[in-house]
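Read off the chains here:
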Amino acid sequence: VTGATGTYPTPNCNISSVDNTQEKNVVIQPNPSTEYIEVVSSYEIESIEVYNINGAKMATIHQSLFIATSSWPNGVYLLKLATKNSGIILKKVVKS
C-alpha cells in the first residue's frame, strides 16, 4: 500500500469464521433485565464473572445461575461464563 508518506506492507485482513454454537447454547433471561437474570445453559457453568462496560469486574459468582441486577446501574454488562468442558463463553446483558 502506498500512502502520502511512503510504502507500507499490505495488512492481512483475512477473517475466519467463528463457531457460535457455544453461545447459542447459553441464554440469559430476561434480557434486558430490571431485577435479576437467569443463566440457562446445556453446559455445566463453573463460574460467572460480571464486568461493566468499562471492563471493571463487578462480581464473581460460583454457586448460582440466578444473579440479582436490581442494584446495578442501568447499562450494558458482559458475563464471562467458565464452563466445565467448553471453555469461556461471553454474553452481553442490558440492565434497564
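Residues numbered from 1 in each chain as written. Predicted model: local features only at pLDDT ≥ 70, side-chain atom pairs only at ≥ 80, totals over all residues. Heavy atoms only, no water.

1. Thoughts on the confidence of the model for the protein
(1) Moving on: Across the protein, pLDDT averages 83, with 75% of residues at or above 70.
(2) Moving on: Long-range and interchain partners of residues 11–19, a stretch whose pLDDT sits below 50, account for one contact in this model, where long-range means more than four residues apart. (pLDDT = per-residue confidence, 0-100. Contact = heavy atoms within 4.5 Å.)

2. Brief notes about the sheet that holds strand E4 (residues 36–41)
Note on sheets: strands pair through backbone hydrogen bonds, and any given pair is parallel or antiparallel.
(1) Moving on: In space, the three strands of this open sheet follow the order E3-E4-E7, with antiparallel pairing throughout. Bordering the open sheet on either side are strand E3 (26–29) and strand E7 (66–68), each of which pairs with just one other strand. Neighbour-to-neighbour, the strand axes of this sheet turn through a mean angle of 20 degrees, independent of strand direction.
(2) Moving on: With three bridges connecting them, E4 and E7 associate as antiparallel partners. Residue pairing for E7: Tyr36 is matched across the bridge by Ala68. (Pairing = 2+ DSSP bridges. Helix = DSSP H or I, 4+ residues; strand = E, 2+ residues; numbered from the N terminus. Axes fitted to C-alpha atoms, helices over the stretch in contact; angles between N-to-C directions.)

3. Notes on the pattern of salt bridges
(1) Moving on: If you walk through the whole model with that rule in mind, you get two salt bridges.
(2) Moving on: When the shortest N-O distance is used, the salt bridge between Lys57 and Glu49 registers 3.6 Å.
(3) Moving on: Note on Glu49: relative accessible area 17%, which makes it buried.
(4) Moving on: Residues Glu49 and Lys80 are paired through a salt bridge, measuring 4.0 Å at the closest nitrogen-oxygen approach. With Glu49 in strand E5 (residues 45–52) and Lys80 in strand E8 (residues 75–83), the pair connects residues that are 31 residues apart, well separated along the chain.
(5) Moving on: For Lys80, a relative accessible area of 31% puts it in the partly exposed group.
(6) Moving on: A single network of salt bridges, built from pairs that share partners, joins Glu49, Lys57 and Lys80. (Salt bridge = Lys/Arg side-chain N within 4 Å of Asp/Glu carboxyl O. Buried < 20%, exposed > 50% of the residue type's maximum accessible area, 1.4 Å probe, protein only.)

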